[in-house]
Amino acid sequence: MKGQNMSNVPRPSELLLNPHRFDPQRLDPESRRQLRALIEWFEDRGKQRLLRDDLEATWVTDFLDFVKRERLFATFLTPSEFAEGDADKRWDTSRNAVLSEILGFYGLAYWYAEQVTILGLGPIWQSDNIKAKERAAAQLEAGGVMAFALSEREHGADIYNTDMLLTPAAENDDDGVVFRASGEKYYIGNGNVAGMVSVFSRRTDVEGADGYVWFVADSAHANYELLGNVVHGQMFVSTFALNDYPVHEEDILCTGPDAFSAALNTVNVGKFNLCSGSIGMCEHAFYEAITHANNRILYGNPVTDFPHVRASFVDAYTRLIAMKAFSDRAIDYFRSASLDDRRYLLFNPVTKSKVTSEGEKVVTLLWDVLAAKGFEKNTYFCEVARLIGALPRLEGTVHVNVAQILKFMPNFMFNPTSYPEIGTRNDPADDVFFWSQGPARGASKVQFADWAPVYEKHSDVPNVARFYEQVQALKELLTTAAPGADQQGDLDFVLVIGHLFTLVVYGQLILEQAELTGLDRDLVDQIFDIQVRDFSAYAIALHGKPSSTPEQQAWALSAVRKPVADSARFGRVWEHVKAYDGAYEMRP
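None of the values given here were measured: they were computed from a predicted structure.

Cut-off values and rules
Residues numbered from 1 in each chain as written. Predicted model: local features only at pLDDT ≥ 70, side-chain atom pairs only at ≥ 80, totals over all residues. Heavy atoms only, no water. Helix = DSSP H or I, 4+ residues; strand = E, 2+ residues; numbered from the N terminus. Rg over C-alpha atoms; globule rule 2.2 N^0.38 Å. Buried < 20%, exposed > 50% of the residue type's maximum accessible area, 1.4 Å probe, protein only. Areas by Shrake-Rupley, 256 points an atom, 1.4 Å probe, with all protein chains shown as cover. Phe/Tyr/Trp six-rings, centres within 6.5 Å; stacked < 30°, edge-to-face > 60°. Lys NZ or Arg CZ within 6 Å of the ring centre and 35° of its normal. Expected span 1.5 Å × (residues − 1). Bend = angle between axes of the 7 residues up to and from the residue. Disulfide = S-S within 2.5 Å. Axes fitted to C-alpha atoms, helices over the stretch in contact; angles between N-to-C directions. Parallel < 35°, antiparallel > 145°, perpendicular 65-115°, else oblique. Left-handed = near helix turned anticlockwise from the far one by under 90°. Contact = heavy atoms within 4.5 Å. Patch = residues over 30% accessible without salt bridge, like charges linked within 9 Å, V, L, I, M, F, W, Y side chains within 5 Å. Salt bridge = Lys/Arg side-chain N within 4 Å of Asp/Glu carboxyl O. Polar contact = N/O pair within 3.5 Å; in protein donor to acceptor, adjacent residues only side chain to side chain. Core = buried A, V, L, I, M, F, W, Y, C linked by side-chain atoms within 4.5 Å. 1 Å grid on protein atoms, 1.4 Å probe; cavity = no way out; pocket = protein on both sides within 12 Å on 5 of 7 lines; lining within 4 Å. Points joined across faces, edges and corners; volume = space filled by probe spheres on them. Nonpolar A, V, L, I, M, F, W, Y, C, P; charged D, E, K, R; others polar. pLDDT = per-residue confidence, 0-100. Pairing = 2+ DSSP bridges. Arc of directions from axis to C-beta.

Novice: Explanation requested: the overall build of the protein chain in the structure shown.
Specialist: For the protein chain, the count of helices and strands is 21 helices and 10 strands. Expected size for 588 residues packed as a compact globule is a radius of gyration near 25 Å; at 24 Å, the protein chain falls within 12% of this value. When the backbone C-alpha atoms are referred to their principal axes, the protein chain occupies close to 80 × 60 × 45 Å. Here the protein chain, with 588 residues, has 58% of them falling under the buried criterion. Here the protein chain displays about 22900 Å² of accessible surface, and carbon together with sulfur accounts for 51% of that area.

Spelled out as structure tokens, the structure:
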């Protein structure tokens, strides 16, 4: 990229997480120490134990023992306000993402235990209930984990409907009981052991939104009935029932519209980690794939001599680097958010849908090379291939998130405003805005900085220029042949528009991050080679939709572009890929 500082440019072999060389200087010493200790714990247990525990669906008790011993979650997930003088405790999205990536690197079950703890903490840290916050901080310090009880079997994560009912306590109830809770929850991670389960409910005596309530329950209480694990795996995705569960005043977190907003705002914070979990899984799978394929002889030649194999690897690697670039840049916007800058509300569903979907594509590309090897139980790849599809489906599925993304499209594309420049946010600060996001509404009013300048600035990169042509064409479509009223009600049609728009947002943040980090120009060009192809594929999909108009069909064909081919550039990127052969192997 233009103007890059070559002394700070990572070597290709440093762009992916390598546990053997892990020492991120951007983090403070105690964070680095704890994360290295986590890596050493996994490596000392070894690959055989890691894979055996996955195959035997062993609950992660020993991992949680380590978390307790190292005070890992206590340090990383406690806001400094409740740190009781511990200077290392804070909610720092930058280092939390690194933790999430490492956990994904070694197994989704370990990531999941952290992920649902983050979600369970969301309504607690957002509440005005000081006693509940102090209890949460104490439980984290003691090595506890949390749970987030929103979903139900009949309603899924439909926040407007819940059958968890709070009945006002009877007059003869004692011990300060104000409600009795009854109902079931479904898909609740950590629901087997969580000391504080944040439960979404509604009052039986209050109608409408004013009746919503978040309260905390204890999974060890006699009126908490653990019904089982709804999946077969290391993750305990519980279903449980509350049977006349006593709810005290100190258990209530928030009520009414504030409870509704707390649910959505928790998802804004917690589900962001889907991207880093997916990245970690893909990185470990990539190491296994390139080391195997580059040393396998077929028909007298290394497998990687075949052009289609190299193409799959280059695509997989390039998509993975793009995933990391977008996610890292999105962190800067999250950490710099305020009531006056809510751009994170768009970048969040992009990480949940686009980055995690790209993770699926990465694994599929690698699997096309590994073929039968990808099924072998002695590979981490086998576990990744089985579980990578969970991530884009854990939060409302891709189409729900793309529908959310569409709300931002008019202002993003046509109504820019100015913001102060945001740089890289690796500073060891507490991200307190997450707990005071305000009402969960007004997405359509959020404005963005102009997206065009970053594309124009880097139009000397051939495929950036080619993709920018397509972005301008999308703007023309929205101006001259926008979806009509009937089409706007056709989710199957507008989702394709959403995917086209998502590529614009994705490309913008990738270019910003590439400039900030001095990402290799060849990699940037190769990333946008993919962007051009993906945009063309969605344009063709739009053309084929039953409801597309003749004008939209004509636009679709005119928007198709062929990437700028450059065999020398491809060859140089392949050398990046090849350099990972043998770069990492987990201890046996």
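Novice: Explanation requested: the packing of aromatic side chains in the structure shown.
Specialist: Aromatic ring pairs are defined here through the distance separating the ring centres and the angle between the ring planes. Taken as a whole and judged by the stated rule, the model has 48 aromatic pairs. If you follow R95 out to its NZ or CZ, it ends over the ring of F76, 4.3 Å from the centre. Positioned above the aromatic ring of Y506 is the side chain of K354, whose terminal nitrogen or guanidinium carbon lies 5.2 Å from the ring centre.

Novice: Help me out: how do you make sense of helix 6 (residues 108–126) in this one?
Specialist: Note: α-helices contain 3.6 residues per turn, so residues at a spacing of three or four share the same orientation. A rise of 1.5 Å per residue sets the reference length of helix 6, with its 19 residues, at 27 Å; its end C-alpha atoms lie 27 Å apart and thus fit the reference within 8%. Where helix 6 bends most, at G120, the angle is about 25°, and the proline P123 comes one to four residues later.

Novice: Teacher, can you tell me more about the state of the cysteines here?
Specialist: Under the definition given, this model contains 0 disulfides. Lacking any disulfide linkage, C382 is separated from the closest cysteine sulfur, that of C282, by 15 Å. Classification of C382 by relative accessible area gives buried; the value is 18%.

Novice: I keep staring at unusual backbone geometry and nothing clicks. Help me out?
Specialist: The phi angle of most residues is negative, glycine excepted, and most peptide bonds adopt the trans form. A positive phi angle, near 55°, is found at R71, a position not held by glycine. You can see R71 is positioned in the loop between helix 3 (61–70) and helix 4 (72–77). Phi at Y299 is positive, roughly 55°, even though this residue is not glycine. Relative to the helices and strands, Y299 resides in the loop between strand 9 (297–298) and strand 10 (301–302).

Novice: Teacher, can you tell me more about the packing of helix 6 against helix 7 (residues 130–141) here?
Specialist: In helix packing, the relevant descriptors are the interaxial angle and the interaxial distance, both defined with respect to the helix axes. Between helix 6 and helix 7, the shortest axis-to-axis distance is 9 Å and the interhelical angle comes to 155°. The angle between helix 6 and helix 7 falls in the class roughly antiparallel. The way helix 6 lies across helix 7 gives a crossing that is left-handed. Note on element contacts: helix 7 touches helix 6 through A132, K133, A136, A137 and L140, opposite T117, L121, I124 and W125.

Novice: Whenever I open this one, a nonpolar patch on the surface confuses me. Can you help?
Specialist: Taken together, the side chains of I540, L557 and V560 present a nonpolar region at the surface, about 250 Å² in accessible area. Relative to the assigned elements, V560 resides in the loop between helix 20 (550–559) and helix 21 (567–578).

Novice: It is not clear to me how the pattern of salt bridges should be interpreted in this structure. Could you clarify?
Specialist: Oppositely charged side chains may form a pair once their charged atoms are brought near each other. According to the stated counting rule, one finds 48 salt bridges in the structure shown. Close ionic contact of E141 with K89 constitutes a salt bridge, the shortest N to O distance being 2.7 Å. Remark: K89 occurs in the loop between helix 4 and helix 5 (93–106) and E141 occurs in helix 7; sequence separation between them is 52 residues. Owing to a relative accessible area of 6%, K89 belongs among the buried residues under this scheme. Close ionic contact of D332 with R329 constitutes a salt bridge, the shortest N to O distance being 2.9 Å.

Novice: Is there a simple way to explain the side chain of N18 in this structure?
Specialist: Among the secondary structure elements, N18 is positioned in the segment before helix 1 (29–45). The class of N18 is buried, set by a relative accessible area of 7%. Within the structure, the side chain of N18 is placed 3.0 Å from the backbone nitrogen of H20, a separation counted as a polar contact. Setting aside anything within four residues of it in sequence, one finds N18 in contact with Y287, A583 and Y584.

Novice: In this structure, what is going on with the nonpolar core? I would like to understand it.
Specialist: For soluble globular proteins, the rule of thumb is that nonpolar side chains tend to be buried together. Ranked by size, the top nonpolar core spans 174 residues in total, and within it F63 and F313 carry the most contacts. When residues in this core are grouped by element, the largest group, 15 residues, is from helix 10 (residues 307–335). Residues within four places of F63 in sequence aside, it is in contact with L38, W41, F42, F73, L103, Y110 and A113. M164, I188, V199 and V213 belong to the second largest nonpolar core, which has 19 residues in total.

Novice: Honestly, empty space enclosed by the protein in this entry has me stumped. Any pointers?
Specialist: Where empty space is left in the structure can be found by rolling a water-sized probe over the atoms. This structure, assessed with the given rule, holds 5 cavities of 30 Å³ or more. Of the pockets and cavities examined, the largest cavity occupies roughly 70 Å³. In this structure, the largest cavity is lined by W91, T93, N96, I118, N268, V269, F272, N273, F334 and F434. Looking at the lining of the largest cavity, its residues break down into 6 nonpolar, 4 polar and no charged.

Novice: Even after reading the chapter, I still don't get the confidence of the model for the protein chain, so can you show me in this structure?
Specialist: Note: predicted coordinates in regions of low pLDDT should not be interpreted at a detailed level. On average, residues of the protein chain score 94 in pLDDT, and 97% of them reach the 70 mark or higher. Note on residues 1–9: pLDDT is under 50 here. Beyond four places in sequence and across chains, it has 14 contacts.

Novice: Would you mind going over the environment of Y160 with me for this structure?
Specialist: Inspection of the secondary structure puts Y160 in the loop between strand 1 (146–149) and strand 2 (165–168). For the pair formed by Y160 and L64, sequence separation is 96 residues and the distance between their alpha carbons is 34 Å. Contact partners of Y160, with chain neighbours within four places excluded, come to Y212 and F260.

Novice: I tried to follow the pairing of strand 2 on my own but got confused; where do I start?
Specialist: Regular strands place their side chains on alternate faces of the sheet. Summarising the sheet, strand 2 and strand 3 (residues 177–189) pair through 4 bridges and their orientation is antiparallel. In the strand pairing of strand 3, L166 is matched with A181. As judged from the 2 bridges shared by strand 2 and strand 4 (residues 196–203), these two strands associate in the parallel manner. Bridging across to strand 4, L165 finds its partner in R202.

Novice: Just to check I follow, could you spell out helix 20 for this structure?
Specialist: For helix 20, the complete set of buried residues consists of Q552, W555, A556 and A559. Seen from one end, helix 20 has its buried residues packed into an arc of 100°, which puts them on one side. Exposed residues pointing more than 90 degrees away from the buried face of helix 20 are listed as P550 and L557.

Novice: Where do I start with the side chain of E101 in this structure?
Specialist: By secondary structure assignment, the location of E101 is in helix 5. On the basis of relative accessible area, E101 is assigned to the buried category, the value being 12%. In terms of polar contacts, E101 uses its side chain to reach the side chain of K324, at 2.8 Å. Excluding residues within four positions of it along the chain, E101 makes contact with L17, S276, I279, G280, E283 and K324.

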